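Examining the three-dimensional arrangement
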Amino acid sequence: MFTPGDRNLLREALIEAARSDERVTGAALTGSAALDAEDAWSDIDLAFAVAGEPEPVLADFTARIYREHGAVHHMDVVFERTVFRVFLLANTLQVDLAFWPEADFGATTPKFRLLFGTPQDRPQSPPPDARRLVDLAWLHALHARSSIERGRGWQAEYMIGRVREYALALTCLRHGVPAGEGRGLDQLPADVTRPFEATLVGGLGNLAGPFHAVTELLIGEIEAVDADLAARLAPLLREIS
């Protein structure tokens, strides 16, 4: 298991490697470290601006992390022209390195602290669209109903969970906390999250109760987004649950 000291030493080594590489024209802390919000379980998040083709730089950093820092596996997430390479180290530390084209390097969220280089002005990433979350929620509610009726317990459990996910994301938007990937859920007041405990499926023999509970909570969130839409959807949602 890694320690905060291990993490800090590795991060400094990676930053120094970036400063020493003439192909890397900028670097920034991202993630919790950019907000001074790290804890013992935080990973390493760094963004690098790359002049020219990013592939050779990405390959060199990848080789370094396997050779010198105990990487056992990695995966890529690609967004627009940026490659986020996510490493898993033998000590369980996660290392996220983002390789940005130089022209795209800049803050899109508050979690960006420049270390060196010149960032570009970038629009801030918008929060999830509430109407889109509503639409995904009612769609998954339909599939939850059909899964239950077909006796497909595991599929029903999955669909109920997705309805809960979208309803909670709407709740986060309403309370002004991060709505993606569950990041804001533990910032919600206890009296807001407590009713969602009834939506947790405790076993495949108890699907109807959680489905009904999450449907009622979803209807309340739809009302906060669009009262007219909620008036149209509520009778149908209550019928299927």
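See above for the structure.
This one's a predicted model, so the numbers in the text were calculated from it and none came from an experiment.

About the thresholds
Residues numbered from 1 in each chain as written. Predicted model: local features only at pLDDT ≥ 70, side-chain atom pairs only at ≥ 80, totals over all residues. Heavy atoms only, no water. Helix = DSSP H or I, 4+ residues; strand = E, 2+ residues; numbered from the N terminus. Expected span 1.5 Å × (residues − 1). Bend = angle between axes of the 7 residues up to and from the residue. Buried < 20%, exposed > 50% of the residue type's maximum accessible area, 1.4 Å probe, protein only. Contact = heavy atoms within 4.5 Å. Polar contact = N/O pair within 3.5 Å; in protein donor to acceptor, adjacent residues only side chain to side chain. Salt bridge = Lys/Arg side-chain N within 4 Å of Asp/Glu carboxyl O. Axes fitted to C-alpha atoms, helices over the stretch in contact; angles between N-to-C directions. Parallel < 35°, antiparallel > 145°, perpendicular 65-115°, else oblique. Left-handed = near helix turned anticlockwise from the far one by under 90°. Pairing = 2+ DSSP bridges. Core = buried A, V, L, I, M, F, W, Y, C linked by side-chain atoms within 4.5 Å. Phe/Tyr/Trp six-rings, centres within 6.5 Å; stacked < 30°, edge-to-face > 60°. Lys NZ or Arg CZ within 6 Å of the ring centre and 35° of its normal. Patch = residues over 30% accessible without salt bridge, like charges linked within 9 Å, V, L, I, M, F, W, Y side chains within 5 Å. Areas by Shrake-Rupley, 256 points an atom, 1.4 Å probe, with all protein chains shown as cover.

Turning our attention to helix α7 (residues 227-240). Over its 14 residues, α7 extends 20 Å from the first C-alpha to the last, a length consistent with the 20 Å expected when each residue adds 1.5 Å. For α7, the principal kink sits at L233 and spans about 35°; a proline, P235, occurs within the next four residues. Turning to α7, its buried residues number three or more, namely L229, A230, L233, A234, L237 and I240. In this structure, the buried residues of α7 make contact with α3 (130-149) and α6 (208-225). A side-chain oxygen of the first residue of α7 lies 3.1 Å from the backbone nitrogen of D228; this N-cap is D226.

Using the criterion set out here, one finds 14 salt bridges in the structure. Two residues, R7 and E38, come together in a salt bridge whose shortest N-O distance is 3.3 Å. Of the two residues, R7 is situated in helix α1 (residues 4-19) and E38 in the loop between β1 (24-30) and β2 (44-50); the sequence distance between them amounts to 31 residues. What makes R7 buried here is its relative accessible area of 4%. Where E68 meets R67, a salt bridge forms, and the shortest distance between an N and an O atom there is 3.2 Å. Linked through salt bridges whose partners overlap, the residues forming this network are R7, R11 and E38.

Here we take up the side chain of H140. If you trace the backbone, H140 turns up in helix α3. Leaving out residues up to four positions away in the same chain, H140 has contacts with M159, R162, V163 and Y166.

Let us look at the packing of α3 against α6. Interaxial distance between α3 and α6 falls to 11 Å at its minimum, and their mutual angle equals 160°. By the angle between their axes, α3 is roughly antiparallel relative to α6. Classified by chirality, the crossing of α6 by α3 is left-handed. Taken together, the residues of α6 that come into contact with α3 (itself represented by A130, R131, V134, A137, W138, A141, A144, R145 and I148) are F211, L218, I222 and V225.

For strand β5 (residues 94-101), the buried fraction is high: seven of the eight residues fall into the buried class. Summarising the sheet, β2 and β5 pair through seven bridges and their orientation is parallel. The residue bridging I44 from the neighbouring strand is V95, located in β5. With six bridges joining them, strand β4 (residues 82-89) and β5 adopt antiparallel strand pairing.

Moving on: the sheet that holds β1. Sheet strands associate in pairs through backbone hydrogen bonding, adopting either a parallel or an antiparallel arrangement. Spatially, β3-β4-β5-β2-β1-β6 is the arrangement adopted by the six strands of the open sheet, whose pairing is mixed. Here the strands that pair on one side only, and so sit at the sheet edges, are β3 (71-79) and β6 (112-116). For this sheet, the mean inter-axis angle between neighbouring strands, taken without regard to orientation, is 25°. Sheet contacts for α1: β1, β2, β4, β5 and β6; angle to β2, the most-contacted strand, approximately 0°. Against the sheet, helix α2 (residues 54-69) engages β1, β2, β3, β4 and β5, with an angle of about 5° to β4.

Moving on to the nonpolar core. The biggest cluster of nonpolar side chains holds 32 residues, and the ones touching the most others in it are F211, L218, I222 and L237. At the level of elements, α3, α4 (153-175), α6 and α7 are the ones that each hand at least two residues to this core. Grouped together as the second largest cluster of nonpolar side chains are 28 residues, L10, I65, F87 and L89 included.

Our next topic: the packing of aromatic side chains. Enumeration over the complete set of coordinates arrives at six aromatic pairs. Pairing F61 with F99 gives two aromatic rings, centres 5.9 Å apart and planes at 65°, and the pair type is edge-to-face. Remark: F99 occurs in strand β5 and F61 occurs in helix α2; sequence separation between them is 38 residues. Judged by relative accessible area, F61 falls into the buried class, the value being 2%. A residue is classified by how much of its surface remains accessible, and F99, at 1% relative accessible area, is buried. The ring of F61 carries R64 above its face, with NZ or CZ at 6.0 Å from the centroid.

Nonpolar side chains collect at one region of the surface, where M75, V77, F79 and F84 lie side by side and expose about 360 Å² of accessible area between them. With three residues, β3 is the largest single contributor of residues to the nonpolar patch. As for its placement among the helices and strands, F79 is situated in strand β3.

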